[in-house]
Amino acid sequence: MTTAKDNCFTVEGKLALPYQYFAGSTGSRFLISLRDEKKIKGLECKKCKKVFVPPRSTCEVCFEDISQNWVEVKNSGVVTGFTIVRYEEPHQPVKPPYILGLIKLDGADTPITHIIKGVPLTKMKTGLKVQAVFAKNTTATILDIDHFKPMAEKPKMEMGYTYDELEIGMSASFTKTISETDVYLFAGISGDFNPMHLNEEFAKRTPFGTRIAHGALPQSLIAPVLGMKLPGLGTVALEITVRFKAPTYFGDTITAVGEVVEKLEKRRWVRMALRWTNQKDELVAEGTALVMPPVPLPE
Amino acid sequence: MSQRVAVCAVAQIKNQADIWYQRFQSMLFECVEAVIRETGVTFDMDKGIRNIVTCSDDVFDARTISDNGMTDVVGAHYRGEEKAAQDGANALGYAMASILSGHDDVILVTGHCKESQSESRRMCTNLAFDPFYTRPLGLDYLNAAAFQARAYMQKSGLGDGHLAEIVARARQNGAKNPYARDNEPVTKEAVLKSPLLADPIREMHWYPVTDWAVAMLLCCEERAREFTDKPVWITGFGSCMDSYFLGDRDLTANFALKKAAAYAFRMAGITAPQNAFDIVELNDSIAYQLPLWAEGVGLAEDGRGAAWIDAGGPDKQHVNLSGGMLNGNPIMLGGLARTTEAVLQLRGEAGERQVADAGRALAHGTTGPAGQHHAVIILER
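Model, not experiment: these values are computed from the prediction. (Residues numbered from 1 in each chain as written. Chains lettered and ligands numbered in written order. Predicted model: local features only at pLDDT ≥ 70, side-chain atom pairs only at ≥ 80, totals over all residues.)

## Quick word on the overall build of chain B
Broken down by element type, chain B carries twelve helices and eleven strands. Computed over C-alpha atoms, the radius of gyration of chain B comes to 19 Å, within 12% of the 21 Å expected from 2.2 N^0.38 for 381 residues, which places it in the range of a compact globule. With respect to the three principal axes, the spread of C-alpha positions in chain B is 55 × 45 × 40 Å. In chain B, which comprises 381 residues, the share counted as buried stands at 61%. In chain B, the proportion of contacts linking residues at least 24 apart, taken out of those at least 6 apart, comes to 77%. (Helix = DSSP H or I, 4+ residues; strand = E, 2+ residues; numbered from the N terminus. Rg over C-alpha atoms; globule rule 2.2 N^0.38 Å. Buried ≥ 20, exposed ≤ 12 C-beta atoms within 10 Å, placed from the backbone. Contact = placed C-beta atoms within 7 Å.)

## Thoughts on the overall build of chain A
Helices and strands together make up the secondary structure of chain A, namely six helices and 13 strands. Relative to the 2.2 N^0.38 estimate, which gives 19 Å for 299 residues, the radius of gyration of chain A is 34 Å and therefore markedly larger than a compact globule would have. Dimensions of chain A along its principal axes, counting C-alpha atoms only, are 105 × 65 × 40 Å. Within chain A, the fraction of its 299 residues that count as buried is 28%. If you take every contact in chain A between residues at least 6 apart in sequence, the share linking residues at least 24 apart comes to 60%.

## A few points about the nonpolar core
If you look at the biggest cluster of nonpolar residues, it comprises 163 residues, and the most contacted ones within it are Leu28, Leu218 and Ile377 of chain B. A per-element tally of this core places helix α5 (residues 141-156) of chain B first, with ten residues. Every residue in contact with Ile377 of chain B, bar those within four places of it in the chain, is listed here: Ala89, Leu92, Ile234, Gly236, Phe237, Ala264, Thr339 and Ala363 of chain B. Core analysis: the second largest hydrophobic core is formed by 23 residues, Leu166, Val225, Leu274 and Ala285 of chain A among them. (Core = buried A, V, L, I, M, F, W, Y, C linked by C-beta atoms within 7 Å.)

## A short note on the interface of chain A and chain B
Many descriptions give the size of an interface as the accessible area lost when the pieces come together. Taken together, the contacts link 32 residues of chain A with 29 residues of chain B. When residues of the side of chain A that touches chain B are traced back to their parent elements, those giving at least two are β4 (76-85), β5 (98-105) and β6 (112-116) of chain A. Residues of the side of chain A that touches chain B, tallied by class, amount to 17 nonpolar, eleven polar and four charged. (Nonpolar A, V, L, I, M, F, W, Y, C, P; charged D, E, K, R; others polar.)

## Some thoughts on the sheet that holds strand β3 (residues 80-84) of chain B
Residue and element names in this part refer to chain B. Across the sheet, which stays open at both edges, the nine strands sit in the order β3-β2-β4-β7-β1-β8-β11-β10-β9 with mixed pairing between neighbours. For this open sheet the edge positions go to β3 and β9 (279-281), each flanked by a neighbour on one side alone. Within this sheet the neighbouring strands show an average axis-to-axis angle of 25°, counted without direction. Across eight bridges, the pairing between strand β10 (residues 360-367) and strand β11 (residues 373-380) is antiparallel. Of the residues in β11, the one forming a bridge with His364 is Val376. Across the sheet, helix α1 (residues 24-39) touches β1 (5-12), β4 (106-114) and β7 (211-220), and the angle it forms with β7 is around 35°. Here helix α3 (residues 88-100) sits on the sheet in contact with β1, β2 (51-55), β3, β4, β7, β8 (232-241), β10 and β11, set at roughly 170° to β4. (Pairing = 2+ DSSP bridges. Axes fitted to C-alpha atoms, helices over the stretch in contact; angles between N-to-C directions.)

## Considering the sheet that holds strand β3 (residues 70-73) of chain A
Residue and element names in this part refer to chain A. Ordered in space as β2-β1-β3, the three strands form an open sheet in which the pairing is antiparallel. In this open sheet, the two strands that pair with only one neighbour each are β2 (50-52) and β3. Pairs of neighbouring strands in the sheet enclose a mean axial angle of 45°, with direction left out of account.

## Comments concerning the domain arrangement of chain A
As assigned here, chain A comprises domain 1 (24-150) and domain 2 (163-292). Measuring from the centre of the C-alpha atoms in domain 1 of chain A to the corresponding centre in domain 2 of chain A gives 58 Å. (Domains from an automatic or database assignment.)

## Considerations on the environment of Asn254 of chain B
Residue and element names in this part refer to chain B. Assignment of secondary structure puts Asn254 in the loop between β8 and α8 (255-268). According to the C-beta neighbour criterion, Asn254 is buried, with 23 such atoms within 10 Å. Note: C-alpha distance between Asn254 and His374 (120 residues apart in sequence) is 9.3 Å. Setting aside anything within four residues of it in sequence, one finds Asn254 in contact with Leu292, Glu295 and Gly296.

## Let's talk about helix α6 (residues 160-174) of chain B
With 15 residues, α6 of chain B ought to run about 21 Å at 1.5 Å a step, and its terminal C-alpha atoms sit 21 Å apart, in line with that. Looking at the buried residues of α6 of chain B, the elements they touch are α7 (188-193), α9 (289-296), α10 (305-310) and α11 (313-316) of chain B. (Expected span 1.5 Å × (residues − 1).)

## Some words on unusual backbone geometry
The amide bond that connects Val53 of chain A to the next residue, Pro54 of chain A, takes the cis arrangement and shows omega of -5°. By the secondary structure assignment, Pro54 of chain A is in the loop between β2 and β3. Backbone torsion omega between Leu230 of chain A and Pro231 of chain A reads -5°, so that peptide bond is classified as cis. You can see Pro231 of chain A is positioned in the loop between α6 (222-229) and β10 (236-244). Of note in the backbone geometry, Lys38 of chain A takes a positive phi value of approximately 55° without being a glycine. With respect to the secondary-structure elements, Lys38 of chain A resides in the loop between α1 (24-37) and β1 (40-45). Judged by the 14 C-beta atoms lying within 10 Å of it, Lys38 of chain A falls in the partly exposed class. Phi is positive for Ile65 of chain B, close to 55°, though the residue is something other than glycine.

## Here's the deal with the packing of α3 of chain B against helix α12 (residues 334-346) of chain B
Residue and element names in this part refer to chain B. Taken N-terminus to C-terminus, the directions of α3 and α12 make an angle of 70°; their axes are 5 Å apart at the nearest point. Taken together, the axes of α3 and α12 lie roughly perpendicular to each other. Taking contact as the criterion, the partners of Gly88, Ala89 and Leu92 in α3 are, on α12, Gly335, Leu336 and Thr339. Among the residues making up the contact of α3 with α12, the classes are represented as three nonpolar, three polar and no charged. (Parallel < 35°, antiparallel > 145°, perpendicular 65-115°, else oblique.)

## Here's the deal with the confidence of the model for chain B
Summarising the model, chain B shows a mean pLDDT of 97, and 99% of its residues fall at 70 or more. Scored as a whole, the predicted complex attains pTM 0.81, and scored at its interfaces, ipTM 0.92. (pLDDT = per-residue confidence, 0-100.)

## Details of α1 of chain B
All names here are of chain B. Across its 16 residues, α1 extends 23 Å between first and last C-alpha, which sits within 8% of the 22 Å expected from 1.5 Å per residue. Residues of α1 that are buried include every one of Phe24, Met27, Leu28, Phe29, Cys31, Val32, Val35 and Ile36, and no others. Tucked inside the fold, the buried residues of α1 contact β1, β4 and β7. Two residues or fewer past α1, Gly40 is found with a positive phi of approximately 75°.

What follows is the structure, encoded as C-alpha cells:
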C-alpha cells in the first residue's frame, strides 16, 4: 500500500485529566489570605533582604528556611514589563487582546505576573502604577485578583501658560456667530435696552439700517481667548482697550484674536494685541490688553 | 577512563512543516538505521550500544513518559535507556558524562518531535507553568518571551528593523541547508508588516511549526575510530538553570547562559570566546534571541546586541549558517539541531554553507520560558 494522504488515518486525541494540585502549606496560606482578607502576602529572606511574591518557603539564593517570615505587601505596585497578547487560545482567562504585566508590588522584590486592564493598549508603558482589583466571587486562585488597574492619579490642576512659557508672537483665537438671542440676552445682562439693538423699525432709521449687536458683545469674545487659551486658565486681565471699527450685524461670525506682543519683565505682565474680524475678514475692532499670566501653584 | 568524547555520526531527516506520512517512531527509525549503516555499530552488550539517551517532550507527544513509545525504535529493549526532558543539549551532556565516567563506551543519543500533531504549541507550553500563580493567567512560552523581548530591546536598542533583518537572514541561510525546513523567503518589509502576536513579537519573529528527528552516536576516545574516520570531539559542556518565576530574573542579563558558557569554556580551555569559534549555532526560537544569546556566549558585548547586528556580527562570526532555530526546528531539539550542524561543518560536510577549514564550534540549546535553562557545547575537529 502506498502512503498517500488518503490512506493516512489520524486518531483524534485530547488529554483531559481531572486533578487536584495541593498548593502546599506556603501556597495555601497565600491563597487563603487572598480569598479571605484580600491581602497579598510574601515571604522575606532576612539574610538576603528580599521579599518573595509569590511566596517560597526557602530562599533560592541562600537556601535559608524562610517559611515563617510572612509579610504583607501592598495591593499596589509598578509595572516593570508587559506584553499585549493578541492571539486567542483556550488557556487564556480573558479574551484577547489583553495586557499581561510584570508587577512589582510595593513591599515586594520579585514582580508577579498578572492581567492589566483599564489602559488603552497604545498607552501602556512600563513604570505605570497599578493597583489590584479583587474578583467579586472568589475562586481561591490567583484570579481572586481579577486584574490590576492604573492607580487613580490625583487630579492635576489645569493651568495656562506662565510668564516664562509665553513667547512673543504666540496667538490664539475664538470664533462665534452672534445671534438675535445673544443680543437679547446681552441686553438683559447689561441693562442696555437701546432700541437700535432690539427694535427693527427703530433701527431702520439709523445709519446702520437694521439692528446691530452691542459693541461690548463681540468685544467680550476676547475673554475666552485670554482666560481660557492664551495665556489661559489662571490669567488676570488688568486692562483692555478697544476701538470699534465696524458694526456687528445679527448672524455675523466674529473671530477674536489675541497675540503676545510684549513681555514686561519687571512686573512679569504681558501685553497683547487684540483684533476682531467678521466672516468677510472686515476689521470689527482692535485694541490691546495687559494681562497677568498664571503663576504656578505650589505643589 | 576516556579524556574526550567523540561524536562519531549524526543522522537527521529534513525539518518539515508536517510529516503527515510518518509517525515519529518511523521518523526517528530512519535516523537510527542511518547511524548503524554509517558506523557499523551494533547492539552487542560488550562492544556495542548498551545505553541510549533519548530526548522528547511528554506534552508534545501527548503521552506521559514519551520515551516509552520509542524504546523499541532506538533498540533500548534489554539495555539502558534514559530520557532527557529538557533541551537535547542536555541529553548530549548526560551521554558525555556517562562516557567520561567510564560507565559506558558507546551511547546512542536521539531526539524526536512532531509539533504539527499538537493543535497549539502555546497550549502545550502553557502546561509548563505552575498551576497556582502563572498558568491561570494564560502564560505560555510565546508571551513569556515577549516580556524578555521588550526588556531586551529597551536595553540594547534593538529595533523592529533589526528583528526583520534577523528573520530574513535566517530564511536565506535556511534555503542553503538541505536539511532545513522549506520556508518562503521573506523581505524585511514583509516581516515588518507581519501581525503582532504578543508585542513586540510578530508572527514571523517566531520559529514555524516543525517536525524533525535526529540520532547521534557518541563514543569514548579510545574506540572512536572503530566507528568513524572523522570524529568530532566534545571538548566542553556546561548547563545552568535560572530562577523559575519571570519576576525573579533579570530577563536581559543572560545569567544562566553566561554560567553555562563559562563552565563549557573552562572545560575546553577557552579564554577569549569572541574569536574562539569558526562556527556558532545559537538556539534562537524567536528573532530577538539571536543577539541576546550572542551576548550571553560572549560574541557581542553586554547590551550591545543591536550594534553587533549592525556591524554584521552574525555573518562575520558564522552564526547560524544553518538557518538556526528561527528557520524551524521542533521544541526541545534546538540544541541537538545546533550540534548536528556544528558536526557537519567540522566534518566538512556542510555543502553550500561550508566554512573552510572549520576547526572549533559552539552549539547552544535552551528550554523553558524566556530561556530559563541553557546549555553550551564546544565541539572540535
